[in-house]
Amino acid sequence: MGETTVTTLEGREEAVPSPVADAAGQGFLRRMRTPRRPRLWFEILLIAVSYWTYSQIRNAVPEQRSAALRNADWIWRVENDLGISVEQSVNHAVNSVTWLIVGMNYYYATLHFIVTLGVLVWLYRSHPGRYAATRLVVFATTAVALIGYYFFPLAPPRLMNGGHFVDTVMVHQTWGSMASGDLKHMSNQYAAMPSMHIGWSLWCGLTIFALAKLPWVRILGLLYPATTLLVIVSTANHFWLDAVGGMLCLAFGFTVSRLWYGAFPYALPRTVAVRGTDDGLLLPTKA
């Protein structure tokens, strides 16, 4: 029923795809690529399972200590050659101000999750038509980051041999880093490239800047990834180039979302209407 046959001039029969089957396939693809109202239970389950899977894969990557330390030395040489190797100076300067570095330790440990989830909730409530496309950016960004962790193990500056960096969590005995203290055995310490603190915070910042209405909120959106960059360097958890890696992963995420939905997430309609009478799709109504 899915195919018909026709007789060619040479007298041979050839299968021809059924128009009904083609229409059904195109209709299914169109439904998958059309913005629709997200379902709360599904989103909670999806995010929970996705983060659990990400954590399992990230931590399952073999901790290639020797290779990670060699790569850290190489990154440090490259940055020296480029004249951007200021991580050690920043680390020591900020560490000398106890209240500031302690605050940054807690910032590094918590806002990574809190702000990202907060932006997702805001999108879900206020921009349902853009939610799925914007969420896809995060998922694609995170997925490609796992490739970096596997093929380019990298020790953070605080673990370099002879790097003279200060492990600020260890020195100030603050809670928070899954890669320091008693929690270090629960996380892959050599998965520093790319920095998802930067990938996710930049996603948050761009989303807030693009969609928020209040000017001061939009400014805060841009300040968030900039502050995160200062924090990851000050706490000696990342090199500058790890941040570049996170930015490249985010660019990949936006590309995937653009190709799938046919537009950048922020250009999609803000809301979705009731189901259409013809094909049951949720049709976009306003920007």
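Since we're looking at a predicted model, the values are computed, not measured.

Reading guide: rules and limits
Residues numbered from 1 in each chain as written. Predicted model: local features only at pLDDT ≥ 70, side-chain atom pairs only at ≥ 80, totals over all residues. Heavy atoms only, no water. Helix = DSSP H or I, 4+ residues; strand = E, 2+ residues; numbered from the N terminus. Buried < 20%, exposed > 50% of the residue type's maximum accessible area, 1.4 Å probe, protein only. Polar contact = N/O pair within 3.5 Å; in protein donor to acceptor, adjacent residues only side chain to side chain. Contact = heavy atoms within 4.5 Å. Expected span 1.5 Å × (residues − 1). Phe/Tyr/Trp six-rings, centres within 6.5 Å; stacked < 30°, edge-to-face > 60°. Lys NZ or Arg CZ within 6 Å of the ring centre and 35° of its normal. Core = buried A, V, L, I, M, F, W, Y, C linked by side-chain atoms within 4.5 Å. Salt bridge = Lys/Arg side-chain N within 4 Å of Asp/Glu carboxyl O. pLDDT = per-residue confidence, 0-100. Axes fitted to C-alpha atoms, helices over the stretch in contact; angles between N-to-C directions. Parallel < 35°, antiparallel > 145°, perpendicular 65-115°, else oblique. Left-handed = near helix turned anticlockwise from the far one by under 90°. Nonpolar A, V, L, I, M, F, W, Y, C, P; charged D, E, K, R; others polar.

1. Digging into the side chain of Thr168
Within the element layout of this structure, Thr168 appears in helix H7 (residues 168-172). A residue is classified by how much of its surface remains accessible, and Thr168, at 0% relative accessible area, is buried. In terms of polar contacts, Thr168 uses its side chain to reach the side chain of Asn105, at 2.7 Å. The residues touching Thr168, leaving out its near neighbours within four places in the chain, are Asn91, Asn95, Ile101, Asn105, Thr174, Ser234 and Thr235.

2. So, helix H8 (residues 196-211)
Counted at 1.5 Å a residue, the expected span for H8 with its 16 residues is 22 Å, and the 22 Å between its end C-alpha atoms agrees. Of all 16 residues in H8, 12 are buried, a share of seventy percent or more. For H8, the complete set of buried residues consists of Met196, His197, Ile198, Gly199, Trp200, Ser201, Trp203, Cys204, Gly205, Thr207, Ile208 and Leu211. Sitting at the head of H8, Ser195 places a side-chain oxygen 3.4 Å from the backbone nitrogen of His197.

3. Remarks on the packing of aromatic side chains
Following the criterion strictly, the structure yields 7 aromatic pairs and no others. Plain terms: the ring middles of Tyr150 and Phe151 are 5.1 Å apart, the flat faces sit at 75° to each other, and that makes the pair edge-to-face. Following the ring pairs from residue to residue traces out a cluster consisting of Trp76, Phe165 and Phe239. A cation over a ring is seen here: Arg135 above Phe139, with NZ or CZ 5.6 Å from the ring centre. Lying across the ring of Phe209, Arg218 places its NZ or CZ 4.3 Å from the centre.

4. Quick look at the nonpolar core
A general trend in soluble globular proteins is that nonpolar side chains are found buried together. Grouped together as the largest cluster of nonpolar side chains are 34 residues, with contacts concentrated most on Val119, Leu123, Tyr149, Met196, Trp203 and Ile232. The set of elements that each furnish at least two residues to this core consists of helix H4 (87-95), helix H5 (98-126), helix H6 (128-151), H8, helix H9 (215-234) and helix H10 (240-261). Not counting the four nearest positions on each side in its chain, Met196 is found in contact with Tyr54, His112, Thr141, Thr142, Ala145, Tyr149, Ser201, Gly246 and Cys249. Trp76, Ala155, Phe239 and Leu241 belong to the second-largest nonpolar core, a separate cluster that totals 15 residues.

5. Describing the pattern of salt bridges
A complete count under the given rule lists 1 salt bridge for this structure. Asp167 serves as the salt-bridge partner of Arg158, at 3.4 Å between the closest nitrogen and oxygen. In this structure, Arg158 and Asp167 share a single accessibility class: buried.

6. Some points on the confidence of the model for the protein chain
Summarising the model, the protein chain shows a mean pLDDT of 82, and 75% of its residues fall at 70 or more. Summarising per-element confidence for the protein chain, the mean pLDDT is lowest in strand S4 (residues 282-284) (44) and highest in H9 (97). Scored below 50 in pLDDT, residues 4-16 shows 14 contacts in the model against residues more than four places distant or in partner chains. Below pLDDT 50 for its whole length, residues 276-287 participates in 34 contacts with residues either more than four positions away or in separate chains.

7. Examining the packing of H8 against H10
Direction vectors running N to C along H8 and H10 enclose 50°, while the axes themselves pass 7 Å from each other. Here H10 runs oblique to H8, going by the angle between their axes. Both H8 and H10 take part in a crossing whose hand is right-handed. Contact residues: Met196, Ile198, Gly199, Leu202, Trp203 and Leu206 in H8; Ala243, Gly246, Met247, Cys249, Leu250 and Phe254 in H10. For the contact of H8 with H10, the class distribution of residues is 10 nonpolar, 2 polar and no charged.

8. Describing the environment of Val233
Along the polypeptide, Val233 turns up in helix H9. The exposure class of Val233 is buried, given its relative accessible area of 1%. Separated by 146 residues in the primary sequence, Val233 and Glu87 place their C-alpha atoms 5.8 Å from one another. Those residues in contact with Val233, other than ones at most four positions away along the chain, are Glu87, Val90, Asn91, His238 and Trp240.

9. Things to note about the packing of H5 against H9
Put simply, H5 and H9 touch, their axes get as near as 10 Å, and they point 130° apart. One finds that H5 runs oblique with respect to H9. In the packing of H5 onto H9, the handedness of the crossing is left-handed. Counting all contacts with H5, which are made through Ile101, Met104, Tyr107, Tyr108, Leu111, His112 and Val115, the residues of H9 involved are Tyr224, Thr227, Thr228, Leu230, Val231, Ile232 and Ser234. Tallied by class, the residues present in the contact of H5 with H9 amount to 10 nonpolar, 4 polar and no charged.

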